[in-house]
Amino acid sequence: MPASAHALTGEHPENGVTYTYRYSDGQPNATITGIYSETATTAYVPEVINGKTVNTLNISGDMGTIEALDLSLCSSNLTQFTCKDVQLRSLNLAGCEVLNNLNCVNSKLEELNVSQCTRLKTLDCSGNDLASLDLSGCSSLTTLNCNDNDLSFLDLSGCSSL
């Protein structure tokens, strides 16, 4: 296997939050595989880490004191987001217009913002504590699983592909 195909890993500290990531040498993109802080309650995920554009997040496990993730800074590049079995209260993906797959199962979410995620095709937010879910701007949505939440409000207007 050529050197450029080897997966490399790194850590990037920023504003009291440490991001663990992996990438292939010679490739422009990075996948964040861990987010942790001992002091911050909100992590504002950066668009670029050490010269690599963040296009995927795949996180699980202990995040320390972090209760909220804001991914609006990487809105033009983020295509995949998975967080399973983490302790998050809030997840902001507003404006992530190229996001096409979101899986946030069993993450204790109370708030999920996917406004302007016009290319979102698959959403699995089952097993959370969501009381409301507004998917009105998700016109490409074809698959939705929102079981095992506390939903009293669900807006699917404009989701013509469901």
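Data block above holds the structure.
Described below are features of the structure shown in this document. (Residues numbered from 1 in each chain as written. Predicted model: local features only at pLDDT ≥ 70, side-chain atom pairs only at ≥ 80, totals over all residues. Heavy atoms only, no water.)

What follows covers the overall build of the protein. On a plain count of helices and strands, the protein comes out with zero helices and 15 strands. Against the 2.2 N^0.38 benchmark of 15 Å for 162 residues, the protein shows a C-alpha radius of gyration of 16 Å, consistent with a compact globule. Principal-axis analysis of the C-alpha atoms places the extent of the protein at approximately 50 × 35 × 25 Å. A total of 162 residues make up the protein; the buried ones form 43% of that total. (Helix = DSSP H or I, 4+ residues; strand = E, 2+ residues; numbered from the N terminus. Rg over C-alpha atoms; globule rule 2.2 N^0.38 Å. Buried < 20%, exposed > 50% of the residue type's maximum accessible area, 1.4 Å probe, protein only.)

What follows concerns the sheet that holds strand E7 (residues 68–70). Here four strands make up an open sheet; going across it, the order is E4-E7-E9-E11 and the pairing parallel. Every other strand in the sheet has two partners, leaving strand E4 (42–44) and strand E11 (111–113) as the edge strands with one partner each. Here the average twist between neighbouring strands, direction ignored, is 5 degrees. Here E4 runs beside E7; their pairing, made up of three bridges, is parallel. Counterpart to threonine 42 in the pairing with E7 is alanine 68. (Pairing = 2+ DSSP bridges. Axes fitted to C-alpha atoms, helices over the stretch in contact; angles between N-to-C directions.)

With that out of the way, let us pick up the pairing of strand E8 (residues 80–84). In the sheet, strand E6 (residues 52–60) pairs with E8 via five bridges, with the strands oriented parallel. Looking at E8, one finds that serine 60 is bridged to lysine 84. Looking at chain direction, E8 and strand E10 (residues 101–103) are connected through three bridges and run parallel. Bridging across to E10, phenylalanine 81 finds its partner in leucine 102.

Another aspect to go through is the environment of asparagine 128. With respect to the helices and strands, asparagine 128 occurs in the loop between strand E12 (122–124) and strand E13 (132–134). Residue class for asparagine 128 comes out buried when judged on its relative accessible area of 3%. Here the alpha-carbon distance between asparagine 128 and leucine 71, two residues 57 residues apart in the chain, equals 19 Å. Among residues more than four places away in sequence, those in contact with asparagine 128 are Cys104, Val105, Asn106, Ser107, Lys108, Leu109, Asp148 and Asn149. (Contact = heavy atoms within 4.5 Å.)

Side chains of a nonpolar character, in soluble globular proteins, are inclined to be buried together. Ranked by size, the top nonpolar core spans 43 residues in total, and within it Ile35, Leu69, Leu71, Leu93, Leu102 and Leu112 carry the most contacts. At the level of secondary structure, the elements contributing two or more residues to this core comprise strand E2 (17–24), strand E3 (29–36), E6 and E8. The residues touching leucine 102, leaving out its near neighbours within four places in the chain, are Phe81, Leu91, Leu93, Leu112, Val114, Leu120, Thr122, Leu123 and Asp124. (Core = buried A, V, L, I, M, F, W, Y, C linked by side-chain atoms within 4.5 Å.)

Between side chains of opposite charge, a pair can form as their charged atoms come close. Inspection of every chain in the model, using the stated rule, returns two salt bridges. In this structure, glutamate 67 engages arginine 89 in a salt bridge whose closest nitrogen and oxygen atoms are separated by 4.0 Å. Here glutamate 67 is found in the loop between E6 and E7, whereas its partner arginine 89 is found in the loop between E8 and strand E9 (90–92), with 22 residues between them in sequence. Here glutamate 67 falls in the partly exposed class, since its relative accessible area comes to 39%. Between arginine 89 and glutamate 111 there is a salt bridge whose closest N-O contact spans 3.2 Å. Taken together, the residues arginine 89 in the loop between E8 and E9 and glutamate 111 in strand E11 connect sequence positions 22 residues apart. Given a relative accessible area of 32%, arginine 89 falls into the partly exposed group. (Salt bridge = Lys/Arg side-chain N within 4 Å of Asp/Glu carboxyl O.)

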